[in-house]
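These are the residues of each chain, in order.
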Amino acid sequence: MPATEENWVHEERMKLKFSRNDKRRGGRGKQQQRRRRSWNPRVPDTPEVIAAKRTERKAKRERLEREQKEAAGEVSQQPPLE
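Cut-off values and rules
- Residues numbered from 1 in each chain as written.
- Predicted model: local features only at pLDDT ≥ 70, side-chain atom pairs only at ≥ 80, totals over all residues.
- Heavy atoms only, no water.
- Helix = DSSP H or I, 4+ residues; strand = E, 2+ residues; numbered from the N terminus.
- Buried < 20%, exposed > 50% of the residue type's maximum accessible area, 1.4 Å probe, protein only.
- Areas by Shrake-Rupley, 256 points an atom, 1.4 Å probe, with all protein chains shown as cover.
- Salt bridge = Lys/Arg side-chain N within 4 Å of Asp/Glu carboxyl O.

Concerning the overall build of the protein chain
Working step 1: When helices and strands are counted, the protein chain shows 3 helices and 0 strands.
Working step 2: Mapped in sequence order, the helices and strands of the protein chain form the string α-α-α.
Working step 3: Buried positions account for 1% of the 82 residues belonging to the protein chain.
Working step 4: Element-wise, carbon and sulfur atoms account for 53% of the exposed surface of the protein chain, whose accessible area totals about 8,900 Å².

A look at the pattern of salt bridges
Working step 1: A full pass over the atoms with the stated rule returns 3 salt bridges.
Working step 2: For Glu12, the salt bridge goes to Lys15, with nearest N and O atoms at 3.5 Å. Placement of the pair is Glu12 and Lys15 together in helix H1 (residues 7-21), with a separation of 3 residues, close to one helical turn.
Working step 3: By relative accessible area, Lys15 is classed as exposed at 54%.
Working step 4: One salt bridge in this structure joins Glu67 and Arg63, with 3.3 Å as the shortest N-O distance. Residue Glu67 and its partner Arg63 are both found in helix H3 (residues 47-77); the two are separated by 4 residues, about one turn of the helix.
Working step 5: Owing to a relative accessible area of 34%, Arg63 belongs among the partly exposed residues under this scheme.

This is the structure we're talking about:
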């Protein structure tokens, strides 16, 4: 990297720095990004959809617990390595 910086490079870098740090203008901050998402309002799920989701989650949780128990049982049944 050169020891000195061209004037136009320095000016552009300072402009970018100012635009990032300028709090008064209120550029595209995180609050505006959150607000933008709310333009498409979220449609609440119907009770039937909620019940179906709960059933799917319960089945998945039970399947994962069963697989973990089976894996733990297989590990304990293996002969010790020497």
